[in-house]
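Chain by chain, the residues:
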There are 4 protein chains.
Amino acid sequence: MNKRKIINDPVYGFITISSDLLYDLVDHPFLQRLRRIKQLGLADIVYPGALHTRFHHALGAMHLMSQALRALQEKGHLIWEPELEAAQAAILLHDLGHGPFSHVLESVMLPGVEHESITLAMMKELNRQMNGRLDIAIQMFEGTYPRKFFHQMISSQLDMDRMDYLNRDSFYTGVIEGSIGADRLIKMLDISHDQLVIEEKGLLSIENFLHARRLMYWQVYLHKTLLSAQAMLTQILFRARELVQNGEKLFATPDFERFLHNEFKLEDFDTLPDLMEAFNGLDDNDVWASVKGWKTHQDPVLSVLCRKLLNRDLFKIQFYKEPPGNEVLEPLKKQLRSAGVKEEELHFFLIEGETANLSYAKEQDPIRVKMKNGVLLDIADASDIPTIEALTKIVRKYYVCWAKNVSLRG
Amino acid sequence: MNKRKIINDPVYGFITISSDLLYDLVDHPFLQRLRRIKQLGLADIVYPGALHTRFHHALGAMHLMSQALRALQEKGHLIWEPELEAAQAAILLHDLGHGPFSHVLESVMLPGVEHESITLAMMKELNRQMNGRLDIAIQMFEGTYPRKFFHQMISSQLDMDRMDYLNRDSFYTGVIEGSIGADRLIKMLDISHDQLVIEEKGLLSIENFLHARRLMYWQVYLHKTLLSAQAMLTQILFRARELVQNGEKLFATPDFERFLHNEFKLEDFDTLPDLMEAFNGLDDNDVWASVKGWKTHQDPVLSVLCRKLLNRDLFKIQFYKEPPGNEVLEPLKKQLRSAGVKEEELHFFLIEGETANLSYAKEQDPIRVKMKNGVLLDIADASDIPTIEALTKIVRKYYVCWAKNVSLRG
Amino acid sequence: MNKRKIINDPVYGFITISSDLLYDLVDHPFLQRLRRIKQLGLADIVYPGALHTRFHHALGAMHLMSQALRALQEKGHLIWEPELEAAQAAILLHDLGHGPFSHVLESVMLPGVEHESITLAMMKELNRQMNGRLDIAIQMFEGTYPRKFFHQMISSQLDMDRMDYLNRDSFYTGVIEGSIGADRLIKMLDISHDQLVIEEKGLLSIENFLHARRLMYWQVYLHKTLLSAQAMLTQILFRARELVQNGEKLFATPDFERFLHNEFKLEDFDTLPDLMEAFNGLDDNDVWASVKGWKTHQDPVLSVLCRKLLNRDLFKIQFYKEPPGNEVLEPLKKQLRSAGVKEEELHFFLIEGETANLSYAKEQDPIRVKMKNGVLLDIADASDIPTIEALTKIVRKYYVCWAKNVSLRG
Amino acid sequence: MNKRKIINDPVYGFITISSDLLYDLVDHPFLQRLRRIKQLGLADIVYPGALHTRFHHALGAMHLMSQALRALQEKGHLIWEPELEAAQAAILLHDLGHGPFSHVLESVMLPGVEHESITLAMMKELNRQMNGRLDIAIQMFEGTYPRKFFHQMISSQLDMDRMDYLNRDSFYTGVIEGSIGADRLIKMLDISHDQLVIEEKGLLSIENFLHARRLMYWQVYLHKTLLSAQAMLTQILFRARELVQNGEKLFATPDFERFLHNEFKLEDFDTLPDLMEAFNGLDDNDVWASVKGWKTHQDPVLSVLCRKLLNRDLFKIQFYKEPPGNEVLEPLKKQLRSAGVKEEELHFFLIEGETANLSYAKEQDPIRVKMKNGVLLDIADASDIPTIEALTKIVRKYYVCWAKNVSLRG
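What you see is a predicted model; the values in this text were computed from it and never measured.

S.K.: So what exactly am I meant to see when it comes to the sheet that holds strand β5 (residues 316-320) of chain A here?
M.R.: In a beta sheet, neighbouring strands pair by backbone hydrogen bonds and run either parallel or antiparallel. All names here are of chain A. Strand order in this open sheet of three strands is β5-β9-β6, and the pairing throughout is antiparallel. Strands at the two margins of the open sheet, each flanked by one partner only, are β5 and β6 (350-356). Ignoring which end each strand starts from, the neighbouring axes of this sheet average 25° apart. Pairing geometry for β6 and strand β9 (residues 396-402), over seven bridges, is antiparallel. Its bridge partner being in β9, Glu354 is matched across the sheet by Tyr398. Seen against the sheet, helix α12 (residues 224-245) touches β5, β6 and β9 and runs at an angle of roughly 125° to β6. Strands β6 and β9 of the sheet are contacted by helix α18 (residues 326-338), whose axis makes an angle of about 145° with β6.

Shown next as structure tokens:
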């Protein structure tokens with residue numbers, strides 16, 4: 001039976017699943033779950049088109065991987081078919097360990113557990129089920145495969161993960177200025193000294209990539225309204241857990257209930273045989289169904305927060321260059337107190353946070369450019385473009401968000 | 001306070017909310033719920049990009065309405081600002097009455113209740129809350145407003161509803177051949193004798209519209225795999241209700257539980273004061289959360305069906321030109337029986353259905369063309385294009401879908 | 001030296017020139033001339049964006065050829081690198097023999113000489129210069145290469161020529177409804193019994209292709225205004241030749257002068273050693289420069305026609321289902337006579353013509369579909385789609401065009 | 001007779017000609033000539049799709065003007081219909097004074113004459129023919145109309161000219177990273193103190209605009225290969241003029257001949273009654289037809305240069321940060337001398353030049369931002385974006401280009 005398959009994709013036109021192994025992976029419940037987890041979590045609250053899933057992103061990254069490897073082959077680099085398949089498998093699976101509303105939920109439910117670690121655990125489980133057919137893919141993912149550039153295509157400044165998500169997020173949000181021109185970037189990739197590099201003639205494309213990425217940060221990922229909604233969902237989950245710990249009864253979907261009642265650690269995935277399956281039972285629906293279930297809960301903190309989020313009655317939010325002091329916070333607290341919020345519950349309605357565009361950090365993982373004379377240079381040195389530095393500067397912002405029209409008085 | 005707002009839309013670039021009233025409607029929980037209901041239900045099982053919501057569609061239809069009315073104004077037709085706003089409000093609200101997985105859920109939970117009737121009830125409730133500001137919009141929706149063409153822009157062969165959904169569905173599925181060219185169609189609209197008509201020079205555009213619509217039917221709306229998934233979800237809901245009626249305990253989200261336990265009629269929306277709110281509590285998350293909750297239920301029929309749907313292990317499906325007879329059904333039944341399916345449960349695993357592209361029915365609501373000499377003709381008469389007839393023919397197909405690898409033996 | 005090159009293309013993103021031979025062909029003066037010949041001749045008079053050249057089309061067709069052959073390779077068909085290069089070369093060169101404003105100029109200057117014959121002569125000359133490196137490409141072009149499907153990819157209902165020009169013409173005219181979805185079509189191609197066929201699951205795509213092609217005919221290729229402008233240019237050239245034959249002095253560019261003074265036959269390309277070079281000296285600029293040079297010529301017929309064409313003061317045009325009789329023509333003639341047009345010059349200002357969409361003729365070159373059971377069927381038989389017949393019907397129209405505001409009185 | 005007309009445009013979908021006056025202007029020979037002048041001159045030598053004309057650009061800029069003015073109206077600014085029409089007329093006509101291959105030809109044929117001055121002369125002639133219907137448009141163009149922001153929409157950092165050409169050049173070259181997002185920019189425009197400003201929430205859009213503009217400069221307008229081709233055409237024209245001045249006979253189209261034999265000044269347009277008509281007779285075809293006519297001229301300098309340009313056998317080019325000295329030039333000269341180039345003709349085959357991206361000069365015409373508190377700030381001050389400075393820095397480069405394989409030995 002030929003499992004080759006073509007999938008329509010608004011972003012790239014078509015995505016081809018090019019081998020039986022890849023087909024079986026796509027078909028597996030681990031991948032199918034990602035159909036029910038949105039790539040951008042709550043972002044559709046600002047950009048109503050931003051509903052694309054981690055499943056679609058995984059397919060897209062696999063597509064770019066095959067495009068990029070073919071382009072490298074055409075430049076004369078030897079890449080074996082098993083390597084081609086393994087690299088596609090690795091990038092297809094690279095997000096398995098994400099929960100719904102990733103950073104939000106993880107910070108509450110699985111503090112200290114990195115999603116990459118869960119991904120790796122799930123890849124190993126898959127490899128077990130598939131009798132070792134993922135050995136190379138896992139090596140590439142972990143960075144232990146001898147040819148290092150494969151790992152860089154999975155995880156680096158120019159990896160296929162980033163290229164697809166920037167591309168896809170720009171497309172579905174409708175923020176077209178954030179388009180990175182993945183097509184052209186991929187044609188500019190090369191390998192030198194077993195490193196993924198960019199050709200000199202691709203300098204302007206890289207500059208454009210950095211620019212687009214920066215724009216996506218401020219326009220989408222760190223959008224004020226989105227940060228506010230995320231803060232609200234975080235507080236909802238903290239409150240729910242607090243109530244559960246105090247012995248209150250709370251509606252929850254079966255798999256979600258387990259995570260609400262426990263704080264698991266990475267080791268638990270090894271020792272509790274059914275934990276991985278429970279984790280794989282979690283998706284966006286559990287969170288929304290629970291929030292909806294809690295909107296009439298007797299605890300006013302929980303129910304007010306849930307109703308506000310469901311009806312998009314979001315907290316106000318304000319950015320600051322420095323952590324805001326009492327002159328900012330005190331008046332807001334006063335307001336909340338007079339609306340009936342208790343002192344120990346103030347933090348549910350007045351949230352301080354910090355955010356930054358960690359878009360390009362030279363030290364750890366530079367973008368390397370192969371000059372026409374063969375020399376490799378860091379992008380910032382290769383370019384006579386004065387903007388690189390500006391584009392790659394980390395900007396940190398502080399914010400406060402708070403409920404404006406809340407009333408907790410009986 | 002100015003509530004004017006611009007929303008990014010991958011399909012049209014930007015959508016403008018042009019008045020306070022429209023802003024308040026978009027903001028209302030009735031509209032916000034539509035954020036959580038996908039326009040195409042289960043279609044992302046075939047087209048992973050097809051995740052757009054009824055909320056986004058409603059905004060898009062409102063946008064097209066404003067474009068179309070402006071184009072008519074430029075042709076010299078007098079349209080008052082209150083009419084412009086009312087027409088936009090009406091189209092914005094036209095889908096309020098849809099439940100999640102519309103036709104699937106309604107056929108099981110609300111048989112005999114048309115979603116248009118629920119929409120109207122909800123519009124009236126909104127109008128009550130807004131002190132009559134929706135009077136004209138409701139008249140336009142119902143068709144009682146004196147200038148009839150407004151109603152045709154909300155509901156007819158060339159209404160803004162259809163234009164947006166065909167456009168949007170084509171975009172998000174990636175089936176670009178289904179693009180109807182809404183831009184051009186809108187520029188070709190005119191009013192004649194208080195009827196919405198198309199200019200003669202728009203004949204080719206209309207032909208293209210009919211062609212694209214037909215293609216969308218067969219490529220998307222009636223796609224085999226989608227029909228199969230819908231049939232499965234329908235059977236899941238029937239089984240769940242059967243179990244509930246037999247007194248079995250079943251996990252469900254609170255609002256969904258109420259609909260699972262009762263079979264409401266349209267009148268109940270009037271007599272049960274909180275029914276509308278419960279209805280407005282229902283969205284895709286309730287259905288998915290429940291299906292996920294049932295995947296380990298002790299009833300094997302229910303749990304097997306749920307697991308299969310969640311993991312995309314779908315029923316096989318076959319089309320027939322005539323209703324298939326025993327020579328088709330008997331061998332399949334035999335197979336199922338030997339897999340342990342009981343006689344009275346066969347219909348959960350072997351489903352017969354019928355489908356048709358009801359794309360253009362001349363009789364009830366013709367597309368009218370205004371010839372250069374001023375005469376109005378039905379499209380089929382106006383065109384020397386021999387394809388109109390072919391494009392508007394209703395094609396009926398029968399199908400059978402069945403579980404292939406099921407096993408219900410202990 | 002590596003001659004591999006990537007070219008930006010608004011239609012496909014990028015076009016890769018994948019071998020030294022192809023690079024040398026693109027670089028050759030024969031191909032470079034096509035930079036100065038627009039694909040759609042006078043069509044920018046209706047669609048101001050329709051300025052794309054035969055050069056760009058040749059590159060695009062080469063691109064689609066490489067895409068299509070790679071897709072066939074992925075389906076398991078063996079295609080050797082030399083075949084891949086030859087097929088690309090053949091399609092790259094397939095239009096060499098076109099003159100400027102192809103059908104217009106050829107009908108006047110080279111009556112009875114088919115442009116395919118000139119193409120072949122030029123390909124042979126190229127092959128001579130390149131020491132036989134085009135042997136296979138020429139065989140494929142002529143249809144003598146043993147594997148027949150290659151010829152079908154160069155010249156048949158589904159050839160890469162047609163796919164690119166429909167795609168490209170739709171793009172540059174802005175008639176987006178004419179988009180054929182080349183991407184998808186190419187993925188549906190297959191080879192069976194050494195024939196180019198389409199997979200059964202591509203039926204809807206083929207229907208869409210036929211529909212789009214038909215639309216492009218009526219909306220673009222046979223657009224009234226374009227037919228009128230073409231008729232005018234034809235008459236200008238006839239008049240110019242008439243004057244030259246009567247010994248009048250006429251401005252012309254050097255290469256164009258030669259064709260104005262002589263009526264060459266195909267054989268002359270063999271016997272006159274410099275004729276091919278002179279032919280290769282002809283492009284759009286010669287025609288426009290001459291028309292501009294003639295706008296003040298003392299012959300009023302010539303100068304009036306030229307001024308009208310330059311300033312887009314075009315003839316009126318009317319379509320008829322039957323060849324129009326005297327009741328149509330006589331009043332127009334009368335009008336022209338009273339405007340000072342001499343009897344023997346009437347045909348310069350009143351032109352009769354006939355046109356048809358020869359889009360799909362079943363007999364000579366059917367589109368074949370490979371059904372899932374392996375059988376090959378003609379598209380019209382394979383499809384239960386009732387529109388195929390309608391889409392492929394040849395529609396013939398007659399037209400008259402005439403000068404409206406002409407005055408030839410001293 | 002209603003002259004309202006809709007024109008297909010691949011960039012914006014449709015362009016509407018919204019009044020009789022605008023229709024008559026589009027129809028006038030002055031505008032129709034621009035159909036035959038490419039916006040980007042020789043750029044199709046690098047980007048084969050870059051064939052769009054100044055005519056199409058003029059229509060596009062008119063379209064953006066109407067969009068922008070409507071957006072301003074929706075924000076509550078009063079704009080009268082006559083102003084709306086005048087602003088559209090002004091931008092439609094703003095490029096009338098361009099000759100073919102604008103900067104190239106002007107530097108040789110009309111040194112010291114600014115094309116804006118010719119534009120103004122032609123606008124006045126049009127106004128005369130139209131009995132003063134262009135009075136307001138001319139005031140807006142000249143900057144004497146009382147409401148100054150109209151002039152800024154025609155000529156400033158954010159004028160509709162720039163927005164359309166950046167947009168259109170990006171589209172037709174296929175350099176999609178150069179897309180400026182004109183849609184969004186236009187929605188962010190506002191008027192404050194009779195100045196065209198951008199809203200604070202448009203800051204990221206402006207940054208993107210500056211970035212895209214910079215990219216277009218280096219990727220397109222100042223592309224090495226294009227600079228080389230322009231240098232060659234310049235030298236061809238200098239040589240042609242030199243030969244003519246020495247009494248040599250040279251083929252040329254009639255209107256072009258006049259400019260080849262004379263060096264006109266701006267005043268001549270007033271004193272020579274037919275000069276404007278002759279100027280309006282010039283377009284790309286004259287230049288190409290002449291270059292083609294000269295390719296066999298007996299002067300080897302002229303004919304060699306022409307053949308090289310026609311067959312895209314371009315000069316090599318090298319950039320330098322400082323004006324290159326003898327260590328660069330001498331070896332090249334030596335090479336050319338040994339190829340038979342005479343000392344006094346060396347400058348035809350070895351050309352020095354200088355180029356810069358004059359993209360944003362703060363002093364003369366700043367982009368102003370209207371902050372939420374109402375204050376107007378220069379973009380560089382309004383933004384906490386560290387890239388503005390980098391994006392607006394003027395970078396100057398020096399280049400040398402020279403013939404590589406030339407041979408002028410008998």
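Let's pick the thread back up.
S.K.: I tried to follow the packing of helix α6 (residues 115-129) of chain A against helix α7 (residues 135-142) of chain A on my own but got confused; where do I start?
M.R.: For any two helices packed against each other, the geometry is given by the interaxial angle and the distance between the axes. Residues and elements named next belong to chain A. Taken N-terminus to C-terminus, the directions of α6 and α7 make an angle of 165°; their axes are 10 Å apart at the nearest point. By the angle between their axes, α6 is roughly antiparallel relative to α7. The interaxial crossing formed by α6 with α7 has left-handed handedness. Touching Met123, Lys124 and Asn127 of α6 are Asp135, Ile138 and Phe141, all from α7.

S.K.: Quick question: what am I supposed to make of the relation of the copies chain B and chain D here?
M.R.: With an RMSD of 0.0 Å, chain B superimposes on chain D once it is rotated by 180° and translated 0.1 Å along the axis. In symmetry terms, the pair is related by a two-fold rotation axis. Mapped onto chain D, 100% of the interface residues of chain B are again interface residues, and the two copies thus contact each other with one and the same surface.

S.K.: In this structure, what is going on with α12(A)? I would like to understand it.
M.R.: Given 3.6 residues per turn, any residue in an α-helix points the same way as the ones three and four places further on. Along its 22 residues, α12(A) runs 32 Å from first to last C-alpha, staying within 8% of the 32 Å computed at 1.5 Å per residue. Following α12(A) by one or two positions, A:Gly247 has its phi on the positive side, about 85°.

S.K.: Explain the interface of chain B and chain D here, please?
M.R.: The interface is formed by five residues belonging to chain B together with five residues belonging to chain D. If you list the elements that add at least two residues to the side of chain B that touches chain D, you get β2 (13-17) and α10 (182-188) of chain B. Here the side of chain B that touches chain D is built from residues that sort into two nonpolar, one polar and two charged.

S.K.: How do you make sense of the sheet that holds strand β7 (residues 368-370) of chain A when you look at a structure like this?
M.R.: Residue and element names in this part refer to chain A. Taken together, the four strands give an open sheet; going across it, the order is β3-β4-β7-β8, and neighbouring strands pair in mixed fashion. Each of the sheet's edge strands pairs with one partner strand only, and the pair in question is β3 (189-192) and β8 (376-378). For this sheet the average axis-to-axis angle between neighbouring strands, irrespective of direction, equals 50°. Note that β3 and strand β4 (residues 195-199) share four bridges and pair antiparallel. Note that in β4 the partner of Ser192 across the bridge is Gln195.

How each quantity is defined
Residues numbered from 1 in each chain as written. Chains lettered and ligands numbered in written order. Predicted model: local features only at pLDDT ≥ 70, side-chain atom pairs only at ≥ 80, totals over all residues. Pairing = 2+ DSSP bridges. Helix = DSSP H or I, 4+ residues; strand = E, 2+ residues; numbered from the N terminus. Axes fitted to C-alpha atoms, helices over the stretch in contact; angles between N-to-C directions. Contact = placed C-beta atoms within 7 Å. Parallel < 35°, antiparallel > 145°, perpendicular 65-115°, else oblique. Left-handed = near helix turned anticlockwise from the far one by under 90°. Least-squares fit on C-alpha atoms with pLDDT ≥ 70 in both. Expected span 1.5 Å × (residues − 1). Nonpolar A, V, L, I, M, F, W, Y, C, P; charged D, E, K, R; others polar.

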